[in-house]
Amino acid sequence: MYKYLLCWRYLRTRYIALASVISVMLGVATMIVVNSVMAGFADKMRDRLHGVLADLIVESASFDGFYNFEEVMARIKEVGGKDVLATAPTVETPGMLSYRFGPGSQDVRTHPVQIIGVEPTERAKTGDFAEHLFNEEGRQIPPSFEVTEEVRAKSPAGQRLRALQSEPDDAFMRQLIEKEQADQVPMQGAIVGYAIATYHLGHGKQDLYLAAEGSKISLAFPKQGKVPEPGMDAFTVVGYFKSGMSEYDSTHVYVPIRDLQRARNLIRADGRGAVNSIQVKVRDGADIDALADKLQLSLHKLSPSAYFHVSTWEQKQGPLLAAVAVEQSILNILLFFIIAVAGFGILAIFSMIVVEKTRDIGIMKALGASTSGVRNIFLGYGLLLGAVGSGVGMIGGLLFVAYINEIEKLLSIILKHKVFDDSIYYFDRIPTLVEPHTVAAIVAGAMLIAVGASIWPARRAAKMHPVRALRYE
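Counting restarts for each chain: residues are numbered from 1 in the order of the written sequence. Only residues with pLDDT of at least 70 get local features here, since the model is predicted, and only at 80 or more are side-chain atom pairs given and counted; chain-wide, interface and lining totals rely on the full set of residues. As a rule here, side-chain values cover all heavy atoms of the structure and leave hydrogens and water aside.

Under the scheme used here, helices are H or I runs from DSSP no shorter than 4 residues and strands are E runs no shorter than 2 residues, and both carry numbers assigned from the N terminus. Counting its regular elements, the chain contains 20 helices and twelve strands. The rule is simple: take the accessible area with a 1.4 Å probe, protein chains only, and divide by the maximum for that residue type; under 20% is buried, over 50% is exposed, in between is partly exposed. For the chain, the residues scored as buried account for 45% of the 473 residues in total. Note on definitions: a residue-residue contact is assigned when non-hydrogen atoms from the two residues lie within 4.5 Å. The long-range share in the chain, meaning contacts at least 24 apart out of those at least 6 apart in sequence, stands at 78%. Using a 1.4 Å probe, accessible areas were evaluated by the Shrake-Rupley method; residue-level cover was limited to the displayed protein chains. A total accessible area of about 24,800 Å² is found for the chain, and carbon and sulfur atoms account for 60% of it.

On the secondary structure map, Val37 appears in helix 2 (residues 17-52). Setting aside residues no more than four positions away along its own chain, Val37 makes contact with Ile404, Ile430, Pro431 and Thr432.

All right, on to the packing of aromatic side chains then. Any two rings among Phe, Tyr and Trp, with Trp reduced to its six-membered ring, count as a pair given centres within 6.5 Å; such a pair is stacked if its planes are under 30 degrees apart, edge-to-face if over 60, and tilted if neither. Enumeration over the complete set of coordinates arrives at six aromatic pairs. Summarising the aromatic geometry, the rings of Phe241 and Tyr254 are spaced 5.1 Å apart at their centres and angled 50° between planes, so their arrangement reads as tilted. Highlighted residues: Phe241 in strand 9 (residues 230-241) and Tyr254 in strand 10 (residues 252-256), separated in sequence by 13 residues. Take Phe241: its relative accessible area is 0%, and that puts it in the buried class. Each member of the aromatic cluster is reached from another via a ring pair, and the members are Phe129, Phe241 and Tyr254. Positioned over the ring face of Tyr194 is Lys242, at 4.5 Å from the centre of the ring. As a reminder, the over-ring test applies to NZ of lysine and CZ of arginine, requiring each to be within 6 Å of the ring centre and within 35 degrees of the ring normal. Over the ring of Tyr67 we find Arg268, and its NZ or CZ is 4.6 Å from the ring centre.

In structure tokens form, the structure reads like this:
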């Protein structure tokens, strides 16, 4: 019983131990907050990556693709069975996008892009494609490339036609403007990556649309052939793709698959067009890695010369996901040094206590305290310091995570600039994810370090000879 009484007395009266408690507390709280925020960002990033990419992607080794995509999709559904929910053919090609920004402006902006031909409703069934489509007002739009009258009216010629309605009807002028509108607004619609079409002003200001709805864009790309020739086609901006991932928002341009096949000479005389990838939606809970292996073998038997490559969405983004995991691991190691510093503080404090209380330890041993009893006093004290520090740190860290967005708003007011700029990350709030096993590992590690730091002083005190200790001056 005396061991517990001494541990509690030292904790309440020796304020030098408070420094160790605070060090453990700050280390645990910092690690919980950082891990929760990084896990939240990683989880959001994985969701966004998964939303842009389908569960499985079947790609052709040939840039010009394959024509028997219907047979390939049938084989995918046959092999996958109930696990395959939807498939969507896709044509992808690198290209260059150019457009004039500003009404009547001659300034042209050119941007390297990835041109993706899809059937929008089918593509929406294989992922979160439809959830990332917005108009200029920020409202979500249905997956469609239709150039509506509302979009046509936003063109310079469309605005002139609208102004002409309030004037006496001039058939000749109306006919001239309608012809100009037909040139300004192609009937082929395109959905453009948000970062391509806008300019970010920052400082809380709204983004400036350089390629507004109804704008005409030109796409240049390689055509099919032994010697690829440049091709070009014009489209009208009908919406924006805004996933929150700059890798996609700054490169992706979606167009109707049939128009891209025609422009690239990928349509045969029988009317069948070629595709170079197929997006596959898989049932939740299915083993997509095993399904990918089965599809790889089956499609190779179907068309050995096509050299299909089947990959999961995680394999497609493997380097990026691996980089995030490595960054989180390195940061955890660096932050754990904070708790290690607290451990060295406990070691120094306990060493001082052993020297200071040498005579007291001798008296205790002379009165019958056992060697293990003296040792357990210091081990128990170290455990108590670690438990109090890690417990308070855990509570503080979890409270900080729970109110992190309110804290961010308060800091933004004090510092007079936004600490977390949601226009950069496209998140309304700072994402957090508390993982119980991570919190438990942090707390257990902090307590282990505290106890480990008290082992050497505890052994030194336990080995003291009572007579020599009583003679100590």
